[in-house]
Amino acid sequence: MYFNSRYQTLPSCLYHHQLPLPLKGAKAGHFNAVLAEQLQWSDEDKAQWVEICSGQKVFAEFEPLAMVYAGHQFGQWAGQLGDGRGLLIAQILDKNNQTIDLHLKGAGSTPYSRMGDGRAVLRSVIREYLAGHALNALGVASSNAVGFTSSTQGIQREKLEPGAMMLRTSDCHIRFGHFEWINQYQPDVLVEFTQKCIEWHYPECLQAKQPILAFAKKVIQRTAVMIAKWQLVGFAHGVMNTDNLNITGSTLDFGPYGFMERFRPNWINNHSDYQGRYTYQQQPSIGHWNLWMWLNNLISLCPIDYDKEQWKQDLSQCLEHYEPTFLEHYEHGLNQKMGLPSFHKDSFDCAMAFLRILQSEQLDYTQSFIRLQNKDYEALKDDCLDRRQFEAFLAQYESIREHQDIEELDAAMQLANPHYILRNHMAQKAIELAERDDFSEVDRLFKLLSQPYQKHSDLEQPEDLAPLPSDVPEVMVSCSS
Ligand code: AMP
Ligand code: MG
């Protein structure tokens, strides 16, 4: 590994040094060899992956630490939070010379654990491990993981579950909530902290006339693009609190996330979110709300020679780019999924008509796009109760595609429509086997989800391609992980 240990150059109020506390009977779960290679792990590092991913080996080059941050949770100020069960154990350079954080989740309690035990259970580790991998392979910016370990140590949740640890990778663990903590508790470090964020994550902004405004615009842009991509693949994050969004717009902190199966815009996978704040269709507006909360923390950074009111206005103007950026990416991506030309005035309307059919007929989001891609219109129509609605859609769809470069549109569709997403019941089956020390299903899903835009007839099983029948109870997913 090539270290670039930089977080500890920040003021020491922002973290607490702490060593991982290994679990009893740590054992191999799964290892992402391709990612280890990308992260320039040596053969010796790879041979020691179980020790590294279970907190038994730490590095002389980096003293592990827990970060402090704060946040708004479900719309309410939650005060001080922080890494309550994860530690930054290294910052290393990948093959592209990008600095990547290695964060060990489930490594024991820290001063920020509050009432928690500092641990993660195998169930939630597998869910996060597979989802990070799936999103990366789908082309959505996200944390990932080099590997995870299980253990013989029981951890109490609703029931006793095996404890586990996961070595998460991310280009950034700095959350909107870091700025909220600083403003509330240690405002004197805001200037230095912001400067470091820009230097590390958006160095191109240093050249701008107003680096802070340029930085804000970039964070807003990346967040809008990330959320547009979530919507396109049908991903619902589940807990979009300000402590769970980072400043590089890469997906972080999966809790009760889910991939959409039957198309229901008001769907929520998080059974602890009683008010439905974080439903699939709310994600774009919640992204906006979170960015607004974040921008407030930059008000006090008004340069000396700048009018204070003007500064506030300029900051809030940065946010005006959010919606158009989101829409541009979402509309373009949706047209691509549909095989419709973006320049045609009726394309987006036609795509919306398709989504309305999926919604009213409760059809599977992923497989319906694959059917459209395969021109399997008969199968789609057969699934509809309201066949006339489908026929009307199809007539419009075919008339827009007439006289277009169909080959080009079809080729674009294949790059935009995954065959495979991580359905809750797929993850659940892998978890149940892993709890009996059988990681073969984790491995199968890992491989299947590595190239989701390609058909893998050798790897797939029928259950990968459809939601459970509607009378089978859904897997309950809550925040207790
Ligand atoms: P989350 O909603 O998973 O992002 O967690 C919110 C906060 O609670 C974060 O600061 C976590 O570190 C902390 N937390 C969650 N679970 C635990 C746990 N089992 N032990 C300690 N802290 C936890
Ligand atoms: Mg979190």
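Not measured: the values here are computed from a predicted model.

Chemist: Would you mind going over the site of ligand 1 with me for this structure?
Modeler: Surveying the vicinity of ligand 1 reveals 16 residues, the closest of which are Gly82, Gly84, Asp117, Gly118 and Asn244. Asp117 places a polar side-chain atom, nitrogen or oxygen, 3.0 Å from a nitrogen atom of ligand 1. Contact between ligand 1 and Arg119: a nitrogen atom at 3.3 Å from a main-chain N or O atom of the residue. For ligand 1, whose unbound accessible area comes to 480 Å², protein coverage reaches 81%. Mapped by element, the contributors of at least two residues to the shell around ligand 1 are strand E3 (65–73) and strand E4 (76–82). Residues that form the shell around ligand 1 fall into these classes: two nonpolar, seven polar and seven charged.

Chemist: Quick question: what am I supposed to make of the domain arrangement of the chain here?
Modeler: Accessible area lost when the parts come together is the quantity often used to give the size of an interface. For the chain, the assigned domains read domain 1 (7–176) and domain 2 (329–416). A C-alpha centroid distance of 40 Å is found between domain 1 and domain 2.

Chemist: Even after reading the chapter, I still don't get the UniProt feature "binding site: ATP" (unreviewed entry) in the chain, so can you show me in this structure?
Modeler: The UniProt feature table records "binding site: ATP" (unreviewed entry) at Gly82, Gly84, Arg85, Lys105, Asp117, Gly118, Arg168, Arg175 and Asp253. Its relative accessible area of 22% is what places Arg85 among the partly exposed residues. Residues within four places of Arg85 in sequence aside, it is in contact with Leu104, Lys105, Gly106, Ala107, Gly108, Gly118, Arg119, Ala120 and Ser481. On the secondary structure map, Asp253 appears in the loop between strand E11 (235–236) and strand E12 (258–259). When residues no more than four places from it in sequence are discounted, the contact partners of Asp253 are Lys105, Arg168, Arg175, His237, Asp243 and Asn244. In terms of polar contacts, Asp253 uses its side chain to reach the side chain of Arg175, at 2.9 Å.

Chemist: Even after reading the chapter, I still don't get the pairing of strand E6 (residues 99–105), so can you show me in this structure?
Modeler: For a regular strand, the rule is simple: side chains alternate between the two faces of the sheet. Counting buried positions along E6 yields seven of seven residues, so the element is predominantly enclosed. Of the two faces of E6, the one carrying Thr99, Asp101, His103 and Lys105 and the one carrying Ile100, Leu102 and Leu104 are both buried. As paired elements, strand E5 (residues 86–93) and E6 share seven bridges and run antiparallel to each other. Counted as the bridge partner of Gln91 is Asp101 from E6. Where E5 hands over to E6, the hairpin turn is made up of five residues, of which Asn97 adopts a positive phi near 70°. Pairing of E6 with strand E10 (residues 160–170) involves five bridges; the strand directions are antiparallel. Note on E10: the bridge partner recorded for His103 is Arg168.

Chemist: It is not clear to me how the nonpolar core should be interpreted in this structure. Could you clarify?
Modeler: The tendency in soluble globular proteins is for nonpolar side chains to be buried as a group. Of all hydrophobic cores here, the largest spans 147 residues; its most connected members are Trp41, Trp294 and Phe393. No other element matches helix H7 (residues 211–233), which puts 14 residues into this core. Viewed by domain, this core spans two of them, domain 1 (7–176) and domain 2 (329–416), each represented by three or more residues. Beyond its immediate chain neighbours, meaning those up to four positions away, Trp294 contacts Phe176, Phe179, Phe215, Ala216, Val219 and Ile247.

Chemist: Hey, could you run me through the packing of helix H11 (residues 347–361) against helix H14 (residues 387–401) in this one?
Modeler: The description of two packed helices rests on the angle between their axes and on the distance between the axes. Relative to each other, H11 and H14 sit at 155°, their axes nearing to 10 Å. Between H11 and H14, the angle falls in the class roughly antiparallel. Judged by the twist between their axes, the crossing of H11 over H14 is left-handed. For the pair H11 and H14, contact is made by Ser347, Cys350, Ala353, Phe354, Ile357, Ser360 and Glu361 and by Gln389, Phe390, Phe393, Gln396, Tyr397 and Ile400, respectively. The class makeup of the residues in the contact of H11 with H14 is eight nonpolar, four polar and one charged.

Parameters at a glance
Residues numbered from 1 in each chain as written. Chains lettered and ligands numbered in written order. Predicted model: local features only at pLDDT ≥ 70, side-chain atom pairs only at ≥ 80, totals over all residues. Heavy atoms only, no water. Near = heavy atom within 4 Å. Polar contact = N/O pair within 3.5 Å; in protein donor to acceptor, adjacent residues only side chain to side chain. Areas by Shrake-Rupley, 256 points an atom, 1.4 Å probe, with all protein chains shown as cover. Helix = DSSP H or I, 4+ residues; strand = E, 2+ residues; numbered from the N terminus. Nonpolar A, V, L, I, M, F, W, Y, C, P; charged D, E, K, R; others polar. Domains from an automatic or database assignment. UniProt positions renumbered as here; feature names shortened; annotations may be inferred. Buried < 20%, exposed > 50% of the residue type's maximum accessible area, 1.4 Å probe, protein only. Contact = heavy atoms within 4.5 Å. Pairing = 2+ DSSP bridges. Core = buried A, V, L, I, M, F, W, Y, C linked by side-chain atoms within 4.5 Å. Axes fitted to C-alpha atoms, helices over the stretch in contact; angles between N-to-C directions. Parallel < 35°, antiparallel > 145°, perpendicular 65-115°, else oblique. Left-handed = near helix turned anticlockwise from the far one by under 90°.

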